[in-house]
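Now for the letters of each chain:
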Amino acid sequence: MNVLKAFAAQGASILRVAAALRRRKRTVLVRAKKLGCPFPPLRVVRQKWANTPNNVGAAAETGLFGALAVLTARYVAVVLAG
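Since the model is a prediction, treat every value here as computed from it, not as a measurement.

About the cut-offs
Residues numbered from 1 in each chain as written. Predicted model: local features only at pLDDT ≥ 70, side-chain atom pairs only at ≥ 80, totals over all residues. Heavy atoms only, no water. Helix = DSSP H or I, 4+ residues; strand = E, 2+ residues; numbered from the N terminus. Buried < 20%, exposed > 50% of the residue type's maximum accessible area, 1.4 Å probe, protein only. Contact = heavy atoms within 4.5 Å. Areas by Shrake-Rupley, 256 points an atom, 1.4 Å probe, with all protein chains shown as cover. Patch = residues over 30% accessible without salt bridge, like charges linked within 9 Å, V, L, I, M, F, W, Y side chains within 5 Å. Salt bridge = Lys/Arg side-chain N within 4 Å of Asp/Glu carboxyl O. Lys, Arg positive; Asp, Glu negative; His and termini not counted. Charge placed at Lys NZ, Arg CZ, Asp CG, Glu CD.

Draft legend 1. Representation of the overall build of the protein chain within the structure. Helix and strand counts for the protein chain come out as 5 helices and 0 strands. The order of α-helices and β-strands along the protein chain, N terminus first, is α-α-α-α-α. Counting over 82 residues, the protein chain shows a buried share of 17%. In the protein chain, once contacts between residues fewer than 6 apart in sequence are set aside, the share between residues at least 24 apart is 49%. Entry remark: accessible area of the protein chain is about 6600 Å², with carbon and sulfur atoms responsible for 60%.

What follows is the structure, given as structure tokens:
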């Protein structure tokens, strides 16, 4: 369980920790809380991610469906052009 504490100390998100440990998100949250190293709520983590430079693009600006529409339009343009 030292791994959980190490991840929490590094500031890793619960989603990444759960994926790294191949456990469900809820299981990792409960265990971390028992060990005294709770992770921040997903709402806080998502707000932090929203302001990062690598989150800029069609998905960040227009939402998932808008991004899908942009990608579909680009694909159609490429297919029709060539």
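So that's the structure; there's more coming.
Draft legend 2. Geometry of a positive patch on the surface. A grouping of Lys25, Arg26, Lys33 and Arg46 is seen on the molecular surface, where their side chains present a positively charged patch. Tallying contributions element by element places helix H3 (residues 25-35) first for the positive patch, with 3 residues. Following the sequence through the fold, Arg26 ends up in helix H3. The class for Arg26 is exposed, based on a relative accessible area of 59%.

Draft legend 3. Representation of the environment of Ser13. One can find Ser13 in the loop between helix H1 (2-10) and helix H2 (14-21). Taking the relative accessible area as the measure of exposure, Ser13 reaches 6% and is therefore buried. Each C-alpha atom of the pair Ser13 and Pro41 lies 9.0 Å from the other, and the pair is 28 residues apart in sequence. When sequence neighbours within four positions are dropped, the list of residues in contact with Ser13 reads Phe39, Val45 and Trp49.

Draft legend 4. View of unusual backbone geometry. Here the phi dihedral of Arg22 falls at roughly 55°; this positive angle occurs in a residue that is not glycine. Examined against the element boundaries, Arg22 turns out to sit in the loop between H2 and H3. For Arg22, a relative accessible area of 73% translates into the label exposed.

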